[in-house]
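Here's the letter readout for the chains.
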Amino acid sequence: MSTQGAMCPSAPWQSEGAQIIGIVGGSADAPEVTYLKEAVSPTAELVERLGDVAPEEVFRVAAPCAKSSCMHHDGHHCSLVTRIVEAVPVVFDRLAPCAIRATCVWWAQEGREACKRCPQVVTHNHRANELMTQAAQPPVRT
Ligand code: SF4
């Protein structure tokens, strides 16, 4: 896949071109994202309704890959999804319908192995388990 138009599936809410692609459900200890059939643009009204809750705690947001501006980008690839696939267990053995698969950076890099782990990813998670916390640690740049 060309990286032009490539979408990061776990992006900050404020990113330019951000789109909501899923809703975080499940429990605090075992979150499970339900993907939307179509991505939805975030609105200020939505944030207002969330009150003190960070949007990234309850929504999965996709946005154009920030490439080298992102702490997880190693110059060529997204190191985050590589670590997730290496360290985090599968939670879903089918391909969930996903609005951004055609342009998803994680899908392009890791294919089904990314999608099988993706539903447990919460971009802003205060209660992430140890494996996910380790996977989320960006590489040390020298
Ligand atoms: S990894 Fe798979 S399920 Fe997750 S956003 Fe990308 S295409 Fe969708």
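The structure we're discussing is the one just above.
Residues numbered from 1 in each chain as written. Predicted model: local features only at pLDDT ≥ 70, side-chain atom pairs only at ≥ 80, totals over all residues. Heavy atoms only, no water.

Participant: Mind showing me how you'd approach unusual backbone geometry here?
Facilitator: A negative phi holds for most residues other than glycine; trans holds for most peptide bonds. In this structure, Lys67 is a non-glycine residue whose phi angle is positive, near 50 degrees. By the secondary structure assignment, Lys67 is in the loop between β4 (59-64) and α3 (79-87). (Helix = DSSP H or I, 4+ residues; strand = E, 2+ residues; numbered from the N terminus.)

Participant: Which parts of the structure should I look at to understand the site of the ligand?
Facilitator: Near the ligand, the surroundings consist of Pro9, Tyr35, Cys98, Ile100, Arg101, Cys104, Trp106, Trp107, Cys115 and Cys118. Here the shell around the ligand is composed, by residue class, of nine nonpolar, no polar and one charged. (Near = heavy atom within 4 Å. Nonpolar A, V, L, I, M, F, W, Y, C, P; charged D, E, K, R; others polar.)

Participant: It is not clear to me how the pairing of β4 should be interpreted in this structure. Could you clarify?
Facilitator: Remember that side chains alternate between the two faces of the sheet whenever the strand is regular. Counting buried residues along β4, five of its six residues qualify, which places the element largely inside the surrounding structure. Sheet topology note: the strand β2 (residues 19-26)/β4 ladder contains four bridges and is antiparallel. By the bridge assignment for β4, Ile23 is matched with Phe59. (Buried < 20%, exposed > 50% of the residue type's maximum accessible area, 1.4 Å probe, protein only. Pairing = 2+ DSSP bridges.)

Participant: What should I look at first to understand the pairing of strand β3 (residues 31-40) in this one?
Facilitator: By the bridge criterion, six bridges tie β2 to β3 in an arrangement that is antiparallel. Bridging from a neighbouring strand, Val24 pairs with Val33 of β3. Where β2 hands over to β3, the hairpin turn is made up of four residues, counted between the paired strands.

Participant: Sorry if this is basic, but what is going on with α3 here?
Facilitator: Quick reminder: α-helices carry 3.6 residues per turn. Residues three or four places apart thus point the same way. Taken together, the buried positions of α3 are Ser79, Leu80, Val81, Arg83, Ile84 and Val85. In this structure, the buried residues of α3 make contact with α4 (105-110), α5 (112-115) and α6 (130-135). (Contact = heavy atoms within 4.5 Å.)

Participant: How should the environment of Arg60 be read in this particular structure?
Facilitator: With respect to the secondary-structure elements, Arg60 resides in strand β4. On the basis of relative accessibility, which here comes to 0%, the residue Arg60 falls in the buried class. Residues Arg60 and Tyr35 lie 25 residues apart in sequence; the distance between their C-alpha atoms is 8.4 Å. Separated by 2.9 Å, the side chain of Arg60 and the backbone oxygen of Pro9 make a polar contact. A polar contact of 2.9 Å, which involves the side chain of Arg60, links it to the backbone oxygen of Cys118. (Polar contact = N/O pair within 3.5 Å; in protein donor to acceptor, adjacent residues only side chain to side chain.)

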